[in-house]
Amino acid sequence: MIKIQKLFNIKYVTITATILLFFIFYATGSMQYRGFFTLRTFVSLFSDNAYLGVSAVGMTLVLISGGIDLSVGAVAALTTMIIAYGTEVMGLPAPITFAIALIIGTSLGLLMGTMIHRFEVPPFIATLAGMFLARGLCFVISIQSIAINNEWFRSIAKWKIKFQGGKSYITVGVIILIIIVVFGIWLMKYTKFGRTVYAIGGDEVSAKLMGLEVGKVKVAIYGINGFCSALAGIVFALYMSSGYPRHLIGMELDTIAAVVIGGTLLTGGSGYVIGTVFGVLIQGLIQTFINFNGTLSSWWTKIFIGVLLLLFIGLQRVVVILSHKRQTSNL
Amino acid sequence: MLDNFRKITGSKAFSAVIALGAILLFNLVLNPDFFQITIKEGHLYGSLIDILNRSVPIMILAIGMTFVIATGGTDLSVGAIVALAGAVAVSLIRGDTEVLNEVSAMPLALVILITLGIATLAGVWNGLLIAFIEIQPIVATLVFMVAGRGIAQLITGARTLTTNFHPFSIIGQGWFLGLPVSLFIVVIVASLVLLLAKKSAFGMFVESVGISRSASAYSGIRAKLILVVVYGISGLCAGIAGLVVGSNIMCADANNAGLNYELDAILAVVIGGTAMTGGKFSIQGSMIGALVIQSLTTSIYAFDVPPEVTLVVKALVVVMVVLIQSKPFKEGVKKMALRGRQI
């Protein structure tokens, strides 16, 4: 009984709505199309969108803190370029290129965080500069697509846990996604760092006055997101087996949309990593719908996601207004 | 004298003017031909004219964006509206015909009117979401940014529609008095907007809403109406830019027309000295900001660098300009200068 009450608690309304919507979508698809309600389709939701999920976990932190990061797609693309150029042209071992990419991604994030915190540059502009820089560096490395044929890399990309006689499988990308999601949930729920992120998003000045380390945490948030973007790039490189400077253009929007659909308030201060996972899955479901239907064109994805965004933002407004009323009536 | 100097260096657009000057000077030193303007068939040709001509869409977008940013908002949807406007205009001109026609199915004036009307409506829609449902500007306009291109594709049937209707091409490719027609469009838009901003109370209301929306509302300013009008103007500007872009390429490309223009427009406004937190704004500054972005791109092209690498230079220039504008950075530099003097 307590649990049901908790579910309808105003705090959890948007996330409950997200999860409900996911199941409604899933049920509709299962009833309409043969082969929709199979383990294979379900698992491929994860493996096809693992990169988006990894990046969205980092973005959740950024949005909860009240910021925004436009650089994620470009940093992920840069990662695919570093891996491809490192292994194919420079002949470096693949794990070393992974490490280089992660270090560069994290450093870019920390740099942007420093600009935002230390020099009070608006997050939108600082990360826009980061996006230009990372995307430009992709083209500096190479203008053409580079296929990745490194043996170790290929074996990692091909490695999978098979079940159902090989019909469904889990890739390395999915395992990375699960690790990042668990890490994100732990970080936001059980650590001082996580609570500081919520406090910054709620009210930065109050957080500072409470003696929280606002500066360090703010810079670290962008550092973590830079790491997640690079990791998303690794997952995407494993998925595509190539580096291409035009990979993932506009991914930042998909990521932000997934986080918002997942119930995170863009004003900051509220949101859950698990909601983001469902946000990513809903986006994946829409794509699966369109694939199964076959006659719907891809632009419907865009219109659907626009309408969904609107729905969720409307819902969030209602929640904020209701909780406001509750607070004032308590006084 | 010193006062005048302070006035100039203190002006909002100062860092943008310096940046533009530096880029032009750099070109003068390395490439003297850069400033050459020749007359061919009664038209003026040269890199400078080229920069002006190419920066037209961003300049128009930046003019509308200035008001939006002055109210403390951002409009991410302008790029999508550019694509939508192009799609509407070209499909109206083509009508039902499937073949490429040199005549229009509708008078051009009507085409322009309907296109601009739809673009303004898109802006007003953003404004309504922001003013009345109180959704944050970034999110409200994100909705249209994502869905707008989808709607544009719906109109074009996901094809790249082209047209050969000559009068339409004048908007973006024509010449008048030796100069590109689109430059005259910018001048007209800028004059009208400046008139609105300086000669009426509108500009002050916009600043006031940007500084404090609730205080403005309490003092009797209809903040909600101002917001709707501001986003409407931004949509209208995006519509005009969409016509220029569409006329320039003579087709409706729902996927690529105006792609990332919103970022350049916002950047132009910020380089031009209008703070993203809202308040005081400078329309001239935003236009100079757009010129900075375009002259940077054009001058890099002149050095045979792959065009995409421009992004790296663009990133560095953005960082430099925003750091110059950043208060903590200025204070830090001042402190360092003082310390240097003490030693």
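Moving on, we come to the overall build of chain B. A count of helices and strands for chain B gives 16 helices and six strands. Relative to the 2.2 N^0.38 estimate, which gives 20 Å for 343 residues, the radius of gyration of chain B is 21 Å and therefore close to what a compact globule would have. The dimensions of chain B, computed from C-alpha atoms along their principal axes, are 80 × 55 × 35 Å. Classification of the 343 residues of chain B by burial places 53% in the buried group. Sequence separation of 24 or more characterises 77% of the internal contacts of chain B that already satisfy a separation of 6 or more. Surface summary for chain B: the accessible area is close to 15,700 Å², and the carbon and sulfur share equals 67%.

Residue and element names in this part refer to chain B. Inspection of the entire model under this criterion finds five salt bridges over all chains. For aspartate 50, the salt bridge is made with arginine 54, and the minimal N-O distance between the two is 3.2 Å. With aspartate 50 and arginine 54 both in helix α3 (residues 47-54), this residue pair falls four residues apart, about one helical turn. Accessibility expressed as a relative area gives 28% for aspartate 50, which makes it partly exposed. Judged by its relative accessible area of 47%, arginine 54 is partly exposed. Note that lysine 280 and glutamate 207 form a salt bridge whose closest N and O atoms lie 3.4 Å from each other. Taken together, the residues span a long stretch of sequence, with lysine 280 in the loop between α13 (261-271) and α14 (283-301) and glutamate 207 in helix α10 (residues 202-211) at a distance of 73 residues.

All names here are of chain A. One can describe the packing of helix α8 (residues 172-190) onto helix α11 (residues 214-240) by two numbers: an axis separation of 9 Å at closest approach and a directional angle of 165 degrees. When the axes of α8 and α11 are compared, the pair comes out roughly antiparallel. Pair α8 / α11 crosses with left-handed handedness. Together, Val172, Gly173, Ile176, Ile180 and Leu187 of α8 and Ile224, Leu231, Val235 and Leu238 of α11 make up the contact between the two elements. Residues belonging to the contact of α8 with α11 are distributed by class as follows: eight nonpolar, one polar and no charged.

A few words now on the nonpolar core. Ranked by size, the top nonpolar core spans 206 residues in total, and within it Phe124, Ile125 and Leu309 of chain A together with Ile60, Phe67, Phe168 and Ile266 of chain B carry the most contacts. Residue contributions to this core peak at 14 residues, all from helix α12 (residues 223-249) of chain B. In contact with phenylalanine 168 of chain B, not counting residues within four places along its chain, are Ala89, Val90, Ile93, Leu108, Thr163, Leu243, Gly246, Ser247 and Met250 of chain B.

For the rest of this paragraph, the subject is a nonpolar patch on the surface. The grouping of Leu25, Phe26, Leu28, Val29, Leu30, Phe35 and Phe303 of chain B at the surface amounts to a nonpolar patch, some 680 Å² of accessible area in total. With respect to the secondary-structure elements, leucine 28 of chain B resides in helix α2 (residues 14-30).

Opposite the 42 residues of chain B that make contact, chain A presents 36 residues. Both sides together, the interface formed by chain B and chain A hides about 3,500 Å², and carbon and sulfur atoms give 85% of it. The largest share of the area that chain B buries against chain A comes from Val146, Leu263 and Glu308 of chain B, three residues that together contribute 14% of it. Remark: the boundary between chain B and chain A carries zero salt bridges. On inspection of chain B and its partner chain A, the count reaches zero residue pairs in polar contact (both at pLDDT 80 or more). Those elements that place two or more of their residues in the side of chain B that touches chain A are α6 (108-131), α7 (137-156), α13, α15 (310-325) and α16 (327-342) of chain B. Among the elements that line the side of chain B that touches chain A, the one with the most residues is α7 of chain B, at twelve residues. Classifying every residue of the side of chain B that touches chain A by side-chain character gives 31 nonpolar, six polar and five charged.

Once that is clear, we can look at the confidence of the model for chain B. Across chain B, the average pLDDT comes to 85, with 95% of residues at or above 70. Two numbers describe this predicted complex: its pTM, 0.86, and its ipTM, 0.80.

Here we come to helix α2 (residues 13-32) of chain A. Across its 20 residues, α2 of chain A extends 28 Å between first and last C-alpha, which sits within 8% of the 28 Å expected from 1.5 Å per residue. Turning to α2 of chain A, its buried residues are Thr14, Ile15, Thr16, Thr18, Leu21, Phe22, Tyr26 and Gly29 of chain A.

Right, let's get into the environment of alanine 238 of chain B. Residues and elements named next belong to chain B. Within the secondary structure layout, alanine 238 lies in helix α12. Judged by its relative accessible area of 0%, alanine 238 falls in the buried class. For the pair formed by alanine 238 and leucine 84, sequence separation is 154 residues and the distance between their alpha carbons is 9.5 Å. Each residue touching alanine 238, except ones within four places of it in the same chain, is listed here: Leu61, Val78, Ile81 and Val82.

Tallied over the full model, the rule gives 22 aromatic pairs over all chains. Geometrically, the ring pair formed by tyrosine 26 of chain A and phenylalanine 42 of chain A is edge-to-face, given 5.9 Å between the ring centres and 80 degrees between the ring planes. Of the two residues, tyrosine 26 of chain A sits in helix α2 while phenylalanine 42 of chain A sits in helix α3 (residues 39-64), which places them 16 residues apart along the sequence. For phenylalanine 42 of chain A, a relative accessible area of 29% corresponds to the partly exposed category. Both rings, one in tyrosine 33 of chain A and one in phenylalanine 289 of chain A, keep their centres 6.2 Å apart while their planes meet at 80 degrees; by these two values the pair is edge-to-face. Highlighted residues: tyrosine 33 of chain A in the loop between α2 and α3 and phenylalanine 289 of chain A in helix α13 (residues 273-293), separated in sequence by 256 residues. Comparing tyrosine 33 of chain A with phenylalanine 289 of chain A shows no difference in burial state: the two are buried. A connected cluster of aromatic rings, assembled from ring pairs, spans Phe22, Phe23, Phe25, Tyr26, Tyr33, Phe36, Phe37, Phe42, Phe46, Phe278, Phe289 and Phe292 of chain A. Looking at lysine 160 of chain A, its charged tip hangs above the ring of tyrosine 169 of chain A, at a distance of 4.3 Å from the centre. Here lysine 314 of chain B stacks its cationic end above the ring of phenylalanine 132 of chain A, 4.7 Å away from the centre of that ring.

This part takes up the side chain of histidine 247 of chain A. Checked against the element boundaries, histidine 247 of chain A lands in the loop between β4 (242-243) and α12 (251-261). You can call histidine 247 of chain A buried: its relative accessible area is 7%.

One non-glycine residue, glutamate 120 of chain A, lies in the positive phi region at around 50 degrees. Following the sequence through the fold, glutamate 120 of chain A ends up in the loop between α5 (94-118) and α6 (123-141).

The terminal C-alpha atoms of α2 of chain B lie 24 Å apart, and with 17 residues this matches the ideal 24 Å at 1.5 Å per residue to within 8%. Taken together, the buried residues of α2 of chain B touch α13, α14 and α15 of chain B.

This next bit is on the pairing of strand β2 (residues 160-163) of chain A. Residue and element names in this part refer to chain A. Sheet topology places β2 next to strand β3 (residues 168-171); four bridges connect them, and they run antiparallel. From the neighbouring strand, lysine 162 faces β3, where its bridge partner is tyrosine 169. Taking the residues between adjacent antiparallel strands as the criterion, β2 and β3 are bridged by four residues, where glutamine 164 takes a positive phi near 60 degrees.

The rules behind these values
Residues numbered from 1 in each chain as written. Chains lettered and ligands numbered in written order. Predicted model: local features only at pLDDT ≥ 70, side-chain atom pairs only at ≥ 80, totals over all residues. Heavy atoms only, no water. Helix = DSSP H or I, 4+ residues; strand = E, 2+ residues; numbered from the N terminus. Rg over C-alpha atoms; globule rule 2.2 N^0.38 Å. Buried < 20%, exposed > 50% of the residue type's maximum accessible area, 1.4 Å probe, protein only. Contact = heavy atoms within 4.5 Å. Areas by Shrake-Rupley, 256 points an atom, 1.4 Å probe, with all protein chains shown as cover. Salt bridge = Lys/Arg side-chain N within 4 Å of Asp/Glu carboxyl O. Axes fitted to C-alpha atoms, helices over the stretch in contact; angles between N-to-C directions. Parallel < 35°, antiparallel > 145°, perpendicular 65-115°, else oblique. Left-handed = near helix turned anticlockwise from the far one by under 90°. Nonpolar A, V, L, I, M, F, W, Y, C, P; charged D, E, K, R; others polar. Core = buried A, V, L, I, M, F, W, Y, C linked by side-chain atoms within 4.5 Å. Patch = residues over 30% accessible without salt bridge, like charges linked within 9 Å, V, L, I, M, F, W, Y side chains within 5 Å. Buried area = accessible area lost by both parts, 1.4 Å probe. Polar contact = N/O pair within 3.5 Å; in protein donor to acceptor, adjacent residues only side chain to side chain. pLDDT = per-residue confidence, 0-100. Expected span 1.5 Å × (residues − 1). Phe/Tyr/Trp six-rings, centres within 6.5 Å; stacked < 30°, edge-to-face > 60°. Lys NZ or Arg CZ within 6 Å of the ring centre and 35° of its normal. Pairing = 2+ DSSP bridges.

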